[in-house]
Amino acid sequence: MIQMLSELFSFTFMIRAIVVGLLVSLCAALLGVNLVLKRYAMIGTGLSHVGFAAMAIAGVFDLAPLPVSMPVVIGAAFLLLRLNENSKVRGDSAVALVSTSSLAIGVIVVSMTTGLTLHICNVMFGSIFAMTRADTYVSVLLSVAVLGLFVVFYKQLFAVTYDESFAKATGTKVEFYKSLLAILTAVTVALGMRMMGALLIASLTLFPALSAMRLCKRFLSVVVTAAVIGVVCFFAGMLFSFGMDLPPGASVVGVNLVVFMVFSVIAIIKRGGLAR
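Residues numbered from 1 in each chain as written. Predicted model: local features only at pLDDT ≥ 70, side-chain atom pairs only at ≥ 80, totals over all residues. Heavy atoms only, no water.

With respect to the packing of helix 2 (residues 12–37) against helix 11 (residues 203–215)
Phase 1 of the analysis: Where helix 2 contacts helix 11, the two axes come as close as 7 Å, and the packing angle between them is 65°. One way to sum up the angle between helix 2 and helix 11 is to call them roughly perpendicular. The way helix 2 lies across helix 11 gives a crossing that is right-handed. Where helix 2 abuts helix 11, its residues Val24, Ser25, Ala28, Ala29, Gly32, Val33, Leu35, Val36 and Leu37 lie against Leu204, Thr205, Leu206, Pro208, Ala209, Leu210 and Met213. (Axes fitted to C-alpha atoms, helices over the stretch in contact; angles between N-to-C directions. Helix = DSSP H or I, 4+ residues; strand = E, 2+ residues; numbered from the N terminus. Parallel < 35°, antiparallel > 145°, perpendicular 65-115°, else oblique. Left-handed = near helix turned anticlockwise from the far one by under 90°. Contact = heavy atoms within 4.5 Å.)

Brief notes about helix 10 (residues 174–196)
Phase 1 of the analysis: For helix 10, which comprises 23 residues, the first-to-last C-alpha distance of 31 Å matches the rise-based estimate of 33 Å (1.5 Å per residue) to within 8%.
Phase 2 of the analysis: A large share of helix 10 lies buried, amounting to 20 of its 23 residues.
Phase 3 of the analysis: Just downstream of helix 10, Gly197 is the residue with a positive phi angle, here 90°. (Expected span 1.5 Å × (residues − 1). Buried < 20%, exposed > 50% of the residue type's maximum accessible area, 1.4 Å probe, protein only.)

With respect to the packing of aromatic side chains
Phase 1 of the analysis: Counted under the stated rule, the structure contains seven aromatic pairs.
Phase 2 of the analysis: Here Phe153 and Tyr177 contribute two aromatic rings whose centre-to-centre distance is 5.6 Å and whose plane-to-plane angle is 55°, an arrangement assigned as tilted. With a gap of 24 residues between them, Phe153 in the loop between helix 7 (133–152) and helix 8 (154–162) and Tyr177 in helix 10 connect regions that are remote in the sequence.
Phase 3 of the analysis: With a relative accessible area of 10%, Tyr177 lands in the buried category.
Phase 4 of the analysis: Centre to centre, the rings of Phe176 and Tyr177 are 5.0 Å apart; their planes meet at 80°, and the pair counts as edge-to-face.
Phase 5 of the analysis: Relative accessible area serves as the criterion here: at 46%, Phe176 is assigned to the partly exposed category.
Phase 6 of the analysis: Of the aromatic side chains, those joined through ring pairs into one cluster are Phe150, Tyr154, Phe158, Tyr162 and Phe219. (Phe/Tyr/Trp six-rings, centres within 6.5 Å; stacked < 30°, edge-to-face > 60°.)

Okay, here's the thing in structure tokens:
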């Protein structure tokens, strides 16, 4: 194990991937609790597909992916929020509409261009080689900003997540904080796509929250547990990926799945014990 860690941290690209990945996983796990409780869990998938289209277009025009995808994904987050609240197309239908349309646009763009097979494979499934030094600096800065805003507005986000009507009655600016949650989620998805890929990034917001909810009941305990699960699973997934020469995104998701199954079994056992 010590030798593996030594080899792992001997590569600069792995250090970049781990630093950014841990921060993004922490952001995703924290925001994921709010998203799951608000029944916005699938918004991560929708935004990642929008990001796929944006990054495909960026690849065609030989542009930096992050500056192109970030504003597009943030715009899509606001669109999904508005569709969910002010339209006849709501919930999963709104996410599916935006998600499939964006995916189709990305595929059309790719099909009209040659020589982008490897690039698109990296976008879809992620690549630890995708993180440049500039990407690392930007990702760390934005991740810290997301964490800072989440901590500063923790009480307001909790109020909006728990009961919107009560939050409005107490004077909380519900629309503002829902928009803030959408922006933070969009930024996190855009940052994580480079490494986890468009098809897998949503798992970082989903699995830690669901795993934590299997055993924890209080909001704060769920948030803290989800954060720990997200960070530990990412690091374990990277170790597994490095040791077994497997794709990092899939390895991280696999570890998250195992943890969810273990937590589910523990929850069933606890319920059985209480029933007696």
